[in-house]
Amino acid sequence: MSAILQNVSTSLSASTSTFLGHNNLKAIKPSHVSMAGRMSAVVKCVASPSAEKTAYKTNVARNENLAKLQAGYLFPEIARRRNAHIAKNPDAKVISLGIGDTTEPIPEVITSAMSKRSEVLSTVAGYSGYGAEQGEQKLRAAIASTYYEGLGIEEHDIFVSDGAKSDISRLQVLFGSNVTMAVQDPSYPAYVDSSVILGQTGLFQKDVEKYANIEYMKCTTENGFFPDLSTVRRTDIIFFCSPNNPTGSAASREQLTKLVQFAKENGSIIVYDSAYAMYVSDDSPRSIFEIPGAKEVALEVSSFSKYAGFTGVRLGWTAIPKELHYSDGFPVAKDFNRIVCTCFNGASNIAQAGGLACVSPEGITAMHEVVGFYKENTAIIVDTFNSLGFKVYGGKNAPYVWVHFPGRSSWDVFSEILEKTHVVTTPGSGFGPGGEGFVRVSAFGHRENVIEACRRFKELYK
Amino acid sequence: MYTSFAFSFMPYKTILSPRASITTQDNKNAKDYRTKVSRNPTLEKLQYNYLFPEISEREAQHAKKYPNAKIISLGIGDTTEPLPDVVASSMANYAYSLSTRTGYRGYGAEQGSKDLREAIAETFYKDMGIQGAEVFVSDGAQCDISRLQMLFGSNMSIAVQDPIFPAYIDSSVIIGQTGDVEQGSGRYQNIEYMRCDPHNNFFPNLSKTARTDIIFFCSPNNPTGHAASWEQLEQLVKLAQENGSIIVYDSAYAVYITDGSPRSIYEIPGAKKVAIEVSSFSKIAGFTGVRLGWTVVPKELLYSNGFPVINDFNRIICTCFNGASRIAQAGGLASLSSEGFKAVMSLVDYYKSNAEILLETFESLGLKAYGGVNAPYLWVHFPGSNSWDVFNEILEKTHIITVPGSGFGPAGKEYIRVTAFGHRENILEAADRLRSLLL
C-alpha cells in the first residue's frame, strides 16, 4: 500500500513539469503542500524518508527546453574527464590538445594598452563609466576597416561583444523560438545547444543523435566538408562556420557563392562564424561579405579569442549589414541593437582598449605572429598523423586537425589516447553525429608540449 | 501615452522607432531584397526603445541645440569617480601578466574564478550559508537578468514592482513571457505589476498580488530608492513559499543602505529555498564600464519536479556565456580585499553625501523627494504632472538630465528620478540651478 502511494507521488513530481503545465499551477494549490501531507502519512509506515522527498520544492516548472539537452555542454565534459584523469594519474604529464584554449602570452603591445586603460580609470580625467552598448566608436571603426575594408561593412554595422559564444545566444534570443535552423554536421556545439535552449527544436532522437527540427547539413570526407545543398531543406537560419571548427575545412569562394545563392533562393539568413579567418593560408574567403549579395542574406560573428589569445579577456564582434531585412522589411540590425541595449551592457572597456591595440598596425603584426605560431603547431600535428598513415583533414586553414579513425567510436579513441598517452583531445561525436569516427586535435599549446604529444602519438600508433 | 509622445518629439531614425513609420523610413526602396525570415514577434511587442539609450539620445540632441550649455547628467545612473588605485593597479598588473609565459591564462571557469566566488560569498553572505559554489560571476546584472529569463523560458509568469528598472519587463517581453501592451495603461498583458507608492510605503500589498512563477524584487529599489524592511521581506518570502514562486532579488544597491535594512534576501530565514539574488560591482566599485557582477543560486532552490535550479543555470552559463573578463575579475577581487573594500566604500559614501545634498535641495523647495537614504536615487514627486513634461522642462531650463518616472512604469507618471552620481561640484551646481528654477 505504502509502496503504491510512494510511486504515485514520485510519478507526480517527475511529470509535474509536463502534464501539470504552467497555466494549471496558477489554479491549484501548491502541490508540494498536499504531497507533504500525504507523505507524512506514508512516513509512519516506511523507513525514514530521504531528504529529497521532503525537500521543499517551488511550484515553478523546469524549462522543458533545458530538459531536452542530453548532457552537459561538451567542453566542460572534456575538462571533467581531463581532471579525473589527472587525479587518477598524479604523476602523468597531461597535455591538453582538447579544448581550443590559447596558451601563448598576449603580445605586449596589446597588454600594455589594457594596463594603461586600467590605470587611466583611476584618474579624474580618464575615468569612464558605462560605454556604448554597441562598443566604443574607435574600436567599431577599426574592426570595420581592418576586417571589412572595401566590403561595404562600416562602423555602425559592428557590434562589439564579450565573445562569439555570448553573441550566438543573443542572436538566438533575437530570432526567437519560431525559427528553424540548419547547422553543419559536425559543428561547434553552441549553435545546436543554444537552439535547444531557446525552444527552436524538438526532442533529441537517440537513434540518429539529432534534435528534431534542426536540419543537419552533413560535411564529410566525401563531399569535401561542404554540404550538398540540393539535399538541404529550407530553414530560416543557416549557421555556417568557416574555417570550420572542428573539421578545419575552409569553404572556397565557389562554395560560399553557392551558399549565398541558396540562402537568397530560400530567403534564409546565414549566421557566418569567421572566428578562425586569420588562420586561412590559401585564397579561401575570410569573410562571407567577400561574396557578392551576401550582405542581403548574412551576418557575421567573430572573436579576438584565437587571434590575440583573448580567451580569458573576452572580446568579439558581430557584423550586421544594413541590407539585411526581415520578411516585413524591418532591418535585422535594429532589433539586434535593441537586444544589445537590453540584454547586454557592452564589453569591458579594458578589453576594448586591448582590442583597439589588436587592430593597430603593430597589433595586427603581433596577432599574425601569434596565429603563425599556432599554425606551425598545426603543421607538426598534421605531419605526425600523416606519417602514421592516418587520413588527416583540416590543419591548413584552422588550428584544428580532424583525424579519421574509421569504424571506431570517437569517445573510445578519445579515452584510449588519454589513457595511453595522457593527451586530451576532443571526440568527434561531441560535435554531432557526423563527427563519429573522428577525433579533433587542437593545435593550441606550448611548442614543447605539442612536440612531446606528437612523440607520444608516434609511440602509441607506430 | 508614451508612443504619442515619441511622435511629438522629433524622432531620430536610428534610435526612436515609432512603429507606424518603420516601413516608410527603413524600406526606402520597395525593390530592396527581404529575406523570408519573420521578425521575432516578441520584439515587435516592445513599445519603445530601452529607456537609457533614449535618455542618452535626448542628452545628445539637447547638446546639439545648446552647444554652449554645461549639461549636468543626473539621469542614467552612471558612476563618475575614478577607481581606487589599489583596484586599478590590480587590473593593470593582471593585464600585464597576460603577456608573460608564467602569467598567461586562457579560458577561465565560466562560473568565475574560485577566489572571487569565495570572496563574494565571504564579503556579502557571511553567516547566511551561501557558499562560493553557489555564486556565479558575470559581466553584470543586466546580462544576468536576460540569462535568467533564458533559464526560465517563455512559459513563465512574472511579477514586477511598479515602478521598476525596465530590464525585467523588457527581457520578459523579449523572451516571450508576455502578451501585448495595453494601450492606455502601458502595461504588458500577463505581467503582474505590484504598485509601490507613498500610500503603501513603497512596498506592494501582497494580499492583492496574483500568483506568478517569478517575482522580481529590487531592494534598495531603482528608481524609488526604498529599501524593504526585514518585516516586509519576511512577508515577501512567505508569499513566495505559499505560492511556490521564485523571487529574483536584485541587491545591486545594498551597500548604499544606511538604516540597517536587510542587505540580502538571504537574511530572511527560508529565503534560500525560494530566492535567487543578483548583484553587481557597477555601483559598488564604479565598474559600470569594467563589467562585473554576480548571481547567487542556492543549492536548495528546486523546480516543482525537484530538479535543482542551479544545475540548469550552470548549463546556461556554460553554453550561452564564457565567463567574465579575467581582468575585471582581478579588479573585483582587489575591491573585496580589506584595503580595496575600504576604498570603494568611501566612494559609496561620496555618492551618499551627494544624495543628501540633493535631498536637502528638494526639501528646501517644498518638493517631496523619496529615496536618497538607502540608494543613490531620489524619487521626486511632481503631483498632477506628466513626468516627460517635467523632464523636458528641467532639461530646457536648467540643462540637467534626469529620468522621467514613467520610463519605469505607469506608477512613475508623476515622478522624476534624480541620481546622486556625479562630481561634487556638479551636484552643487545642479542644486543651485534647481533652486533657481523651482523657487
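Given the structure is predicted, the values throughout are model-derived calculations rather than measurements.

Asker: Requested: an account of the packing of helix α6 (residues 108-120) of chain A against helix α13 (residues 349-358) of chain A, with residues and values cited.
Answerer: Helix-helix packing is characterised by the crossing angle of the two axes and by the distance between the axes. Residue and element names in this part refer to chain A. Relative orientation of the contacting elements α6 and α13 amounts to 145 degrees, with a least axis distance of 8 Å. Helix-helix and strand crossings are classified by hand; for α6 and α13 the assignment is right-handed. For the pair α6 and α13, the contacting residues are Val109, Ile110, Ala113, Met114, Arg117 and Ser118 in the first and Asn349, Ile350, Ala351, Ala353, Gly354, Ala357 and Cys358 in the second. Split by residue class, the contact of α6 with α13 holds nine nonpolar, three polar and one charged.

Asker: Tell me about the nonpolar core, and please be specific about residues and values.
Answerer: Core analysis: the biggest nonpolar cluster contains 136 residues, and Phe175(A) and Phe152(B) have the highest contact counts within it. Among the domains, domain 2 (67-105 + 363-461) and domain 3 (108-361) of chain A are the pair contributing at least three residues each to this core. Every residue in contact with Phe175(A), bar those within four places of it in the chain, is listed here: Gln200(A), Ile237(A), Ile269(A), Val271(A), Leu299(A), Tyr326(A) and Asn40(B). Grouped together as the second largest cluster of nonpolar side chains are 124 residues, Ala142(A), Phe262(A), Ile215(B) and Ala252(B) included.

Asker: Describe in detail helix α9 (residues 230-243) of chain B, supporting the description with residues and values.
Answerer: The periodicity of an α-helix, 3.6 residues per turn, causes residues three or four positions apart to be oriented the same way. Residues and elements named next belong to chain B. Helix length check: α9, at 14 residues, gives a terminal C-alpha distance of 20 Å against a target of 20 Å (1.5 Å per residue), a fit within 8%. Here α9 has its buried residues at Gln232, Leu233, Leu236, Val237, Leu239, Ala240 and Asn243. Seen from one end, α9 has its buried residues packed into an arc of 155 degrees, which puts them on one side. Trailing α9 by a residue or two, Gly244 shows a phi angle of about 65 degrees, which is positive.

Asker: Describe the pairing of strand β10 (residues 377-381) of chain B, and please don't skip the residues or the numbers.
Answerer: Residue and element names in this part refer to chain B. The buried fraction of β10 is high, at five of five residues. Residues of β10 alternate between two faces, with Tyr377, Trp379 and His381 on one and Leu378 and Val380 on the opposite face, all of them buried. Alignment of strand β9 (residues 368-371) against β10, held across four bridges, turns out to be antiparallel. Among the inter-strand pairings, Tyr370 is bridged to a residue of β10, identified as Trp379. Count of turn residues in the β9/β10 antiparallel hairpin: five residues, of which Gly372 carries a positive phi of about 75 degrees. Sheet topology note: the β10/strand β13 (residues 415-419) ladder contains five bridges and is antiparallel.

Asker: Could you give me a rundown of the sheet that holds β9(B), with the residues and numbers involved?
Answerer: Residue and element names in this part refer to chain B. Spatial ordering of the open sheet is given by β9-β10-β13-β12, a layout of four strands whose pairing is antiparallel. Edge positions in the sheet fall to β9 and β12 (403-404), since each of these pairs with one other strand and no more. Where β12 meets β13, two bridges bridge the pair, whose relative direction is antiparallel. Paired with Pro404 across the two strands is Ile416, which belongs to β13.

Asker: Please give an account of the domain arrangement of chain A that cites residues and values.
Answerer: One frequently used descriptor of interface size is the decrease in accessible area upon assembly of the parts. Residues and elements named next belong to chain A. As far as domains go, chain A holds domain 1 (2-60), domain 2 (67-105 + 363-461) and domain 3 (108-361). With centres defined by C-alpha atoms, the gap from domain 2 to domain 3 works out at 24 Å. Facing the 36 residues of domain 2 at the interface are 54 residues of domain 3. Taking both sides of the interface into account, the surface hidden between domain 2 and domain 3 amounts to around 3,600 Å²; carbon and sulfur atoms contribute 62%. When the buried area of domain 2 at its contact with domain 3 is split by residue, Lys68, Met367 and Asn397 rank highest and sum to 20% of it. At the boundary of domain 2 and domain 3, one finds one salt bridge. A salt bridge links Lys396 to Asp282; its shortest N-O distance comes to 3.3 Å. Put simply, domain 2 and domain 3 have 23 residue pairs in polar contact (both at pLDDT 80 or more) between them. Top element by residues in the side of domain 2 that touches domain 3 is helix α14 (residues 361-387). It accounts for ten residues. Counted by class, the side of domain 2 that touches domain 3 contains 19 nonpolar, twelve polar and five charged residues.

Rules and cut-offs
- Residues numbered from 1 in each chain as written.
- Chains lettered and ligands numbered in written order.
- Predicted model: local features only at pLDDT ≥ 70, side-chain atom pairs only at ≥ 80, totals over all residues.
- Heavy atoms only, no water.
- Axes fitted to C-alpha atoms, helices over the stretch in contact; angles between N-to-C directions.
- Helix = DSSP H or I, 4+ residues; strand = E, 2+ residues; numbered from the N terminus.
- Left-handed = near helix turned anticlockwise from the far one by under 90°.
- Contact = heavy atoms within 4.5 Å.
- Nonpolar A, V, L, I, M, F, W, Y, C, P; charged D, E, K, R; others polar.
- Core = buried A, V, L, I, M, F, W, Y, C linked by side-chain atoms within 4.5 Å.
- Buried < 20%, exposed > 50% of the residue type's maximum accessible area, 1.4 Å probe, protein only.
- Domains from an automatic or database assignment.
- Expected span 1.5 Å × (residues − 1).
- Arc of directions from axis to C-beta.
- Pairing = 2+ DSSP bridges.
- Buried area = accessible area lost by both parts, 1.4 Å probe.
- Salt bridge = Lys/Arg side-chain N within 4 Å of Asp/Glu carboxyl O.
- Polar contact = N/O pair within 3.5 Å; in protein donor to acceptor, adjacent residues only side chain to side chain.

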